[in-house]
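The lines below spell out each chain.
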Amino acid sequence: MHEMSVAEGIIQVLEDQAVSQNFSRVKKVWLEIGPLASIDSDALRFCFDAVIRGTLADNASLEIIGLPGLAWCLGCGQSVAIQQRYDACPECGSYHLQVTQGDEMRIKELEVE
Ligand SMILES: [Zn+2]
């Protein structure tokens, strides 16, 4: 499952940050995910709950924040909202869109102790 490796990647980041920022427990993680990141939130929650056992984030809760997808339309020269990578421009119907936001996943904030 793709989300399992994503969850393991998150734990890796938490462990690295625990060393560099000198904390020992993670209580809550806020994660931003764009609609184009191909990550299923429910699957990720399930995997996160599985991989945190026995780690510094044991029992931590996961808050998933959905980011809007944005693209620059070459047809009408403006930034437009999109839901999927190959959407047409909602303004002019052009398919000449360059995705500018929405394919990322990042840890926004941590509650630690
Ligand atoms: Zn357009």
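One structure accompanies this document, and this report is about it. Residue numbering note: each chain is counted from 1, following its sequence as written. pLDDT decides what is reported in this predicted model: residues at 70 or higher carry local features, side-chain atom pairs at 80 or more are listed and counted, and totals for whole chains, interfaces and linings draw on all residues regardless. Side-chain measures here rest on the full set of heavy atoms in the structure, leaving out hydrogens and waters.

**Topic: the environment of Val-51**
Going by this rule: Helix and strand labels come from DSSP, where a helix needs a run of H or I of at least four residues and a strand needs a run of E of at least two; each type is numbered from the N terminus. Contacts are assigned to residue pairs that have any heavy atoms within 4.5 Å of one another.
If you trace the backbone, Val-51 turns up in helix α2 (residues 41-51). C-alpha of Val-51 to C-alpha of Ser-20: the two residues are 31 residues apart in sequence and 21 Å apart in space. Once residues within four sequence positions are removed from consideration, Val-51 is found in contact with Met-4, Ala-7, Glu-8 and Ile-11.

**Focus on the side chain of Glu-32**
For the record, the criterion: Partly exposed describes any residue whose relative accessible area lies between the buried limit of under 20% and the exposed limit of over 50%, with all areas from a 1.4 Å probe on protein chains only and scaled to the type maximum. Pairs of N or O atoms within 3.5 Å make up the polar contacts considered here, provided that, within protein, one atom can donate a hydrogen while the other can accept it, and that residues adjacent in sequence are counted only when both atoms are side-chain atoms.
The topology assignment puts Glu-32 in strand β1 (residues 26-33). When its relative accessible area of 8% is taken as the criterion, Glu-32 is described as buried. For Glu-32, the side chain forms a polar contact with the side chain of Arg-106, separated by 2.7 Å. Each residue touching Glu-32, except ones within four places of it in the same chain, is listed here: Ile-65, Leu-67, Glu-104, Met-105, Arg-106 and Lys-108.

**Here we look at the coordination of the zinc ion**
Selection rule: Listed donor atoms are N, O and S within 2.8 Å of the metal (Na, K and Ca: 3.2 Å). As water is not included, a site may look incomplete. Here the metal geometry follows the donor angles, with tetrahedral for four donors whose angles all fall between 85 and 135 degrees, square planar for four and octahedral for six when opposite donors are more than 155 degrees apart and every other angle is between 65 and 115, and irregular for all the rest.
Taken together, the protein ligands of the zinc ion are Cys-73 (SG), Cys-76 (SG), Cys-89 (SG) and Cys-92 (SG), with distances of 2.3 Å. Bound by four donor atoms, the zinc ion shows angles of 104 to 116° at the metal and therefore tetrahedral coordination geometry. In primary-sequence terms, the residues that donate to the zinc ion follow C-x2-C-x12-C-x2-C. Here Cys-89 lies in the loop between β4 (78-82) and β5 (97-101) and Cys-76 lies in the loop between β3 (69-73) and β4, a separation of 13 residues in the sequence.

**Details of the sheet that holds β1**
Counted only if it meets this: In short, DSSP must find at least two bridges between two strands for them to pair. Only the stretch in contact is used when a helix axis is fitted, and all axes are lines through C-alpha atoms; the angle between N-to-C directions ranges over 0 to 180 degrees.
Taken in spatial order, the three strands make up an open sheet running β2-β1-β6, and their pairing is mixed. With partners counted over all chains shown, the strands left at the sheet margins are β2 (61-66) and β6 (105-112), one partner each. Strand-to-strand twist across the sheet, computed as the mean angle between neighbouring axes with direction ignored, equals 20°. Contacting β1 and β6, helix α1 (residues 2-21) runs over the sheet at an angle of about 50° to β6.

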